Amino acid sequence: MSNKRSYLKRLPEEAQARGNAGEGEVEIVTSARELKKTAKECPDELTGSALGKNGKRIGILLDDHMHLIVRDAVRFPGGATNYRMRIIGKTEYDGPNGVAILGMTAGQFVLREIYRHATRSWELEIPRGRREAGQTPRQAVRAEVKQELGYSVKKMRLLGMVRPDSAIMSSHLEIFFAELGAAGKPEPEETEAFGEIVKLTPEELGHRIVSGFVRDSYTMAALLLAQLKGLIPPVTLAP
């Protein structure tokens, strides 16, 4: 097995799927002949690499305790070849990357302000977090709610799964609806930048989404899923 092919074996099982261009899929190519053909057809796609002139160009480019960043050579159904990047979460080896929780108490959802490094801005979101290896999603739900909001969880229900950016991220989070119990003191990590805890009715959350104040895709997906599952009445906003 060549080094170019062997890197796939190091990825989570789902991320190892090769695909088949003949069946309309984006196929990962690994043979020396195919890689040479791709390099010839796409000579500019590997220029400007942050890994330097002599750095690795194909395969696992970065491997830290949380992520794998991978560049694959691919062939498309129409015959074209190119390169594509993927970001793969390390916890995909034994389950979902994380959880997001639409928590409710006394008819109101409980959200948290957080300053996100990637957007360089404050966001208002439902709690979410990374699931640790060996941790069940339900254990992660209780831990994240306690950490970010300070509440206990009385009941929870799985709403569904969301992929935040399927163009580049392979990760997915499970979305839960949680009936919150007793309120306590949040226990945020030192590596988070939290603001205020905010309570909103479904209609108030809907207005925040429509106005662009709430932009988090998990929050929007959770509200939609809760309505489709019949856990809350449909949110209707006045014109």
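Note: the structure precedes this text.
Summarised in this report is the structure supplied together with it.

Basis of the calculations
Residues numbered from 1 in each chain as written. Predicted model: local features only at pLDDT ≥ 70, side-chain atom pairs only at ≥ 80, totals over all residues. Heavy atoms only, no water. Helix = DSSP H or I, 4+ residues; strand = E, 2+ residues; numbered from the N terminus. Contact = heavy atoms within 4.5 Å. Lys, Arg positive; Asp, Glu negative; His and termini not counted. Charge placed at Lys NZ, Arg CZ, Asp CG, Glu CD. Salt bridge = Lys/Arg side-chain N within 4 Å of Asp/Glu carboxyl O. Buried < 20%, exposed > 50% of the residue type's maximum accessible area, 1.4 Å probe, protein only. Core = buried A, V, L, I, M, F, W, Y, C linked by side-chain atoms within 4.5 Å. Arc of directions from axis to C-beta. Expected span 1.5 Å × (residues − 1).

## A look at the overall build of the protein
Logical step 1: Of regular secondary structure, the protein possesses 5 helices and 11 strands.
Logical step 2: Projecting the C-alpha coordinates of the protein onto the three principal axes gives extents of approximately 65 × 40 × 30 Å.
Logical step 3: Considering only contacts in the protein between residues 6 or more positions apart, those separated by 24 or more positions represent 65%.
Logical step 4: Placing the 35 positive and 31 negative side-chain charges of the protein at their respective mean positions leaves the two points 5 Å apart.

## Focus on the pattern of salt bridges
Logical step 1: For the structure on display, the rule yields 14 salt bridges.
Logical step 2: Note that R163 and E14 form a salt bridge whose closest N and O atoms lie 3.3 Å from each other. One end of the pair, R163, is in the loop between strand 9 (151–162) and strand 10 (173–183); the other, E14, is in the loop between helix 1 (3–6) and strand 1 (27–28), and 149 residues separate them in sequence.
Logical step 3: When its relative accessible area of 53% is taken as the criterion, E14 is described as exposed.
Logical step 4: Residue R86 pairs with D72 through a salt bridge whose shortest N-O separation is 2.7 Å.

## Some thoughts on the nonpolar core
Logical step 1: With 23 residues, the main nonpolar core has L102, F109, L111, I175, F177, L205 and I232 as its most contacted residues.
Logical step 2: Residue assignment for this core shows that the elements contributing at least two residues are strand 5 (98–105), strand 6 (108–116), strand 9, strand 10, strand 11 (194–200) and helix 5 (217–228).
Logical step 3: Residues contacting L205, with those up to four places away along its chain left out, are F109, L111, L200, V214, T219 and L223.
Logical step 4: Within the second largest apolar cluster, 17 residues are counted, among which are V29, L35, L68 and Y83.

## A closer look at unusual backbone geometry
Logical step 1: A positive phi angle, near 55°, is found at A106, a position not held by glycine.
Logical step 2: Along the chain, A106 turns up in the loop between strand 5 and strand 6.
Logical step 3: You can call A106 exposed: its relative accessible area is 77%.
Logical step 4: Phi is positive for R120, close to 55°, though the residue is something other than glycine.

## Some remarks on the side chain of E92
Logical step 1: Residue placement: E92 occurs in the loop between strand 4 (81–89) and strand 5.
Logical step 2: Not counting chain neighbours up to four residues away, the residues in contact with E92 comprise P12, N97, S170 and S171.

## Here's the deal with helix 2 (residues 32–41)
Logical step 1: Of the residues making up helix 2, those classed as buried are E34, L35 and T38. Down the axis, helix 2 shows its buried residues gathered within 100° of arc, on one side only. Exposed side chains of helix 2 directed beyond 90 degrees from the buried face belong to A32, R33, K36 and K40.

## A few points about helix 3 (residues 137–148)
Logical step 1: Its 12 residues place the ends of helix 3 16 Å apart at the C-alpha level, agreeing with the 16 Å of an ideal helix rising 1.5 Å per residue.
Logical step 2: The complete set of buried residues in helix 3 reads A140, V141, E144, V145, Q147 and E148. Projected onto a plane normal to the axis of helix 3, the buried residues spread over an arc of 165° and lie on a single side.
Logical step 3: Buried-residue contacts for helix 3 involve strand 5, strand 6, strand 8 (128–130), strand 9, strand 10 and strand 11.

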